[in-house]
Amino acid sequence: MRPRTALSAALTGLLLAACGDHRTESPVQSPGAPARPATKVLEAGAAVLQDKPPIEALNAYLDGFHFYNGRPTAQMEAHHYCAVLNEELIQCVIYDGNVKDAKLMGVEYIISGQQFAALPAAEKRLWHSHVHEVKSGQLIAPGIPEAAERQLMERLVGTYGKTWHTWHTDEGKSLPLGVPQLMMGFTADGQADAAMVAARDQRFGVVSARKREQRGAIPAPPIDAGADAWRRGQVYQIPDPTGAHGAGAHVPGRAPSAR
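Residues numbered from 1 in each chain as written. Predicted model: local features only at pLDDT ≥ 70, side-chain atom pairs only at ≥ 80, totals over all residues. Heavy atoms only, no water.

Asks: Looking at this structure, I do not really get the overall build of the protein. What am I missing?
Replies: Helix and strand counts for the protein stand at 9 helices and 7 strands. Burial status across the protein gives 45% buried among its 259 residues. Within the protein, contacts between residues separated by at least 24 positions form 70% of all contacts whose residues are at least 6 apart in sequence. Carbon and sulfur atoms make up 59% of the accessible area of the protein, which amounts to about 13200 Å² in all. (Helix = DSSP H or I, 4+ residues; strand = E, 2+ residues; numbered from the N terminus. Buried < 20%, exposed > 50% of the residue type's maximum accessible area, 1.4 Å probe, protein only. Contact = heavy atoms within 4.5 Å. Areas by Shrake-Rupley, 256 points an atom, 1.4 Å probe, with all protein chains shown as cover.)

The structure is reproduced here in C-alpha cells:
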C-alpha cells in the first residue's frame, strides 16, 4: 500500500455519505425497465464479493458549478466524487445528483499550479482556474467541519481543472447523447446564476456569501495567463455531428461574454 500524502490525509474525513439528508435528485428519468430480482441478486453479490479499488479510492465529495465552454449562460450544478492520486493530481467523477440513481455526467482532472505551468500553451486553453470558485464560496465540501473544509480549499485554490461532460442531463437528455463537451468554471462575480447558487445553498444548509467571508484570508495565487481561455474568446468544443446540443450550442469562432 502506498503511503498517504499530506493531501490525501487531509481528505480522509471527507466521507461520501457526508451529503446526509441534503439530497439532490437527477433531473431526468432514463428509459428502461426496473431492475429484475435476478439483477438485484447479481448486484448484491458483486457488492460483497468483488474488490473495487478505484471506486473505494473516491474519498472526497465536492459540490460546485460548471458551464459549457462557449456558452457561459448554460450552467449546472456538479457533484464531484474525487480520489487523490498524488500531491499534484486529483481525479473526479461527476454526477448530476448525490442519490443512488444520479447520472454520471463526466470527469474532471485537477492538477497543481506547478504541473499546469509546464503544459504547452495549446493544452492550457482546455483548463480552468479554481481561484474564484474557492474564494467566492461557490465550491463546497458538504458535511465536513469548517476547519477541514478550509484546509481543503487552501489546497485547491491554486489548482486547475480540465472537465468533460458526457451526459447532458441539464439539457433534459435521458440518455448520454451527442459528444463530450468541454466545461469551464466561473472566474468573476455575476457569472453564476444567483438562483442556481441559492437553491444549492438552501438544499445543503450553507451560505456561499458567508463562506466567501470565511475564506477571505486564503491567499489567492496569480492565475496562469494560459488558463480560462474562453475569457479571451479562445473557445474549443468537439464538433457534434448529431446536433444533440441544438441551436444554443457554441459556434466555432464566436467569442463568448466574459463578464
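The rest of the description comes next.
Asks: How do you make sense of helix α7 (residues 146-156) when you look at a structure like this?
Replies: Looking at α7, one finds that the buried residues are Glu149, Leu152, Met153 and Leu156. Buried residues of α7 fall within an arc of 100° about the axis and therefore sit on the same side. The elements touched by buried residues of α7 are β1 (60-68), β3 (89-95), α6 (131-135) and α9 (208-214). (Arc of directions from axis to C-beta.)

Asks: Can you help me understand unusual backbone geometry in this one?
Replies: Trans is the common state for peptide bonds, and a negative phi is the common state for residues other than glycine. If you check the backbone angles, Asp228 has positive phi at about 55° while not being a glycine. Within the secondary structure layout, Asp228 lies in the segment after α9.

Asks: Help me out: how do you make sense of the pattern of salt bridges in this one?
Replies: Think of it this way: side chains of opposite charge can pair up when their charged atoms draw near. Within the structure shown, the criterion is met by 12 salt bridges. The salt bridge partner of Asp63 is Arg200, with a shortest N-O separation of 2.8 Å. Of this pair, Asp63 sits in strand β1 while Arg200 sits in helix α8 (residues 194-204), and the two are 137 residues apart along the sequence. In terms of burial, Asp63 and Arg200 fall into one category: buried. A salt bridge links Arg155 to Glu87, with the shortest nitrogen-to-oxygen separation between them at 3.1 Å. (Salt bridge = Lys/Arg side-chain N within 4 Å of Asp/Glu carboxyl O.)

Asks: Teacher, can you tell me more about empty space enclosed by the protein here?
Replies: Vacant regions in the atomic arrangement are exposed by a probe of water-molecule size rolled over the atoms. Within this structure, the stated rule accounts for 2 cavities of 30 Å³ or more. There is about 80 Å³ of room inside the largest cavity. In this structure, the largest cavity is lined by Leu62, His66, His80, Glu108, Ile110, His128, His130, Glu133, Leu139, Leu156 and Thr159. Mapped by element, the contributors of at least two residues to the lining of the largest cavity are β1 and β4 (104-111). In terms of residue class, the lining of the largest cavity is built from 4 nonpolar, 5 polar and 2 charged. (1 Å grid on protein atoms, 1.4 Å probe; cavity = no way out; pocket = protein on both sides within 12 Å on 5 of 7 lines; lining within 4 Å. Points joined across faces, edges and corners; volume = space filled by probe spheres on them. Nonpolar A, V, L, I, M, F, W, Y, C, P; charged D, E, K, R; others polar.)

Asks: Please explain the side chain of Arg215 as it appears in this structure.
Replies: Within the secondary structure, Arg215 is located in the segment after α9. A relative accessible area of 3% places Arg215 in the buried class. Once you skip the residues sitting within four places of it in the chain, Arg215 turns out to touch Glu133, Val134, Lys135, Gly137, Leu139, Ile140, Glu149, Arg150 and Met153.

Asks: Help me understand the packing of aromatic side chains, please; the structure alone is not making it clear to me.
Replies: Where two aromatic rings form a pair, the distance of their centres and the angle of their planes describe that pair. This structure, assessed with the given rule, holds 6 aromatic pairs. Measuring from ring centre to ring centre gives 5.1 Å for Phe67 and Phe186, while their planes differ by 35°; the resulting arrangement is tilted. With a gap of 119 residues between them, Phe67 in strand β1 and Phe186 in the loop between β7 (181-184) and α8 connect regions that are remote in the sequence. Relative to Trp230, the ring of Phe67 lies with its centre 5.0 Å away and its plane at 80°, an arrangement referred to as edge-to-face. Placement of the pair is Phe67 in strand β1 and Trp230 in the segment after α9, with a sequence separation of 163 residues. (Phe/Tyr/Trp six-rings, centres within 6.5 Å; stacked < 30°, edge-to-face > 60°.)

Asks: What should I look at first to understand the pairing of strand β6 (residues 160-165) in this one?
Replies: Successive residues of a regular strand alternate their side chains across the two faces of the sheet. For β6, the tally of buried residues reaches 6 of 6 residues, placing the bulk of the element in the interior. Burial of β6 is two-sided: the residues Tyr160, Lys162 and Trp164 facing one way and the residues Gly161, Thr163 and His165 facing the other way are all buried. Of the strand pairs in this sheet, β4 and β6 are connected by 6 bridges, and their pairing is antiparallel. Opposite Ile110, over in β6, you have Gly161 as the bridge partner. Judged from the 2 bridges that link them, strand β5 (residues 128-129) and β6 form a sheet pairing that is antiparallel. Looking across to β6, one finds that His128 is bridged to Gly161. (Pairing = 2+ DSSP bridges.)

Taken by themselves, the reported measurements are silent on function.
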